[in-house]
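Chain by chain, the residues run as shown.
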Amino acid sequence: MVSTITNYYNAGFIIFDHLLKHILLVKGFLGWGLPKGYYEECDKTYFETAIREIKEELGIDIEDSNVFDISSSYSLLSYNKETKIYDWGIKPKGFIKRNIIFYAAKINSNTKFKLQKDEIIQVEWIPLNNISYIINTNNYSKYEKKKLINSINSIKKNIITI
């Protein structure tokens, strides 16, 4: 019997401070990570998803002039033992493939945030050299932690050379 795979798309930002020395991490219920969210039918592009999610979760607008012309992505395959219902939609029982796309931007480190409290517990500017340590303390799978750290490092390497 062949199982189908349901695809979901997440998009978000790797947000650097204006000096490119820190990355903004958000703490959700699974631990520290990057601000991101699910693609919704109202979004025309994944970039629109990322912009909308930053506005919803952090209460800020990312200006086009502060967006770097680079992105990073990865996919995760998992299996749901039962159908799960979320505010954004339904994840059916079976194989799920999450496709995650990150864009990069910079904002002033003095920016004031208005957090979406039902999703984000706190935000913090983390020095670039501490990112791997912080990500590894969360409840994501080992594989997802590795993919997330690789995405951050890939973008970081490209930004530092800009």
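Cut-off values and rules
Residue positions are counted from 1 within each chain, in the order its sequence is given. Residues qualify for local features only when their pLDDT is at least 70, as the model is predicted, and side-chain atom pairs are given and counted only at 80 or more; totals for whole chains, interfaces and linings, by contrast, use all residues. Side-chain figures throughout are based on the complete set of non-hydrogen atoms in the structure, without hydrogens or water. Under the DSSP-based scheme used, a helix requires at least four consecutive residues in state H or I and a strand at least two consecutive residues in state E, with every element numbered from the N terminus. Our radius of gyration is a C-alpha quantity, and the globule rule it is checked against amounts to 2.2 Å times the number of residues to the power 0.38. The buried label goes to any residue with under 20% of its type's maximum accessible area, the exposed label to any with over 50%, and the partly exposed label to all in between, with areas taken from a 1.4 Å probe on protein chains only. Note on areas: these come from Shrake-Rupley sampling with a 1.4 Å probe, and a residue is covered only by the protein chains present in the view. Charge convention: Lys and Arg are scored as positive, Asp and Glu as negative, and His as well as the terminal groups of each chain are ignored. We put the charge of a Lys on NZ, of an Arg on CZ, of an Asp on CG and of a Glu on CD. Salt bridges, as used here, are contacts in which a Lys or Arg side-chain nitrogen is within 4 Å of a carboxyl oxygen on Asp or Glu.

Student: How should the overall build of the protein chain be read in this particular structure?
Tutor: Scanning the protein chain from terminus to terminus reveals 3 helices and 9 strands. Mapped in sequence order, the helices and strands of the protein chain form the string β-β-β-β-α-β-β-β-β-β-α-α. Since a compact globule built from 162 residues should have a radius of gyration of about 15 Å, the 16 Å found for the protein chain is in line with a globular shape. Projected onto its principal axes, the C-alpha coordinates of the protein chain cover approximately 55 × 30 × 30 Å. Counting all 162 residues of the protein chain, 42% fall into the buried class. Accessible surface computed for the protein chain: about 9500 Å², of which carbon and sulfur atoms make up 51%. Within the protein chain, one finds 22 positive and 18 negative side-chain charges whose respective centroids are separated by 10 Å.

Student: Sorry, what's going on with the pattern of salt bridges here?
Tutor: Two side chains of opposite charge can pair, provided their charged atoms sit close to one another. Within the structure shown, the criterion is met by 6 salt bridges. A salt bridge links Arg-52 to Glu-56; the nearest nitrogen and oxygen atoms lie 3.1 Å apart. Pair noted here: Arg-52 and Glu-56 are both in helix α1 (residues 46-58), with a separation of 4 residues, about one helical turn. Note on Arg-52: relative accessible area 14%, which makes it buried. Its relative accessible area of 33% is what places Glu-56 among the partly exposed residues. Asp-61 is the partner of Lys-55 in a salt bridge, and the nearest nitrogen-oxygen pair spans 3.4 Å. You can call Lys-55 partly exposed: its relative accessible area is 43%. If you follow the salt bridges from partner to partner, you end up with Glu-40, Asp-43, Arg-52, Glu-53 and Glu-56 in one network.

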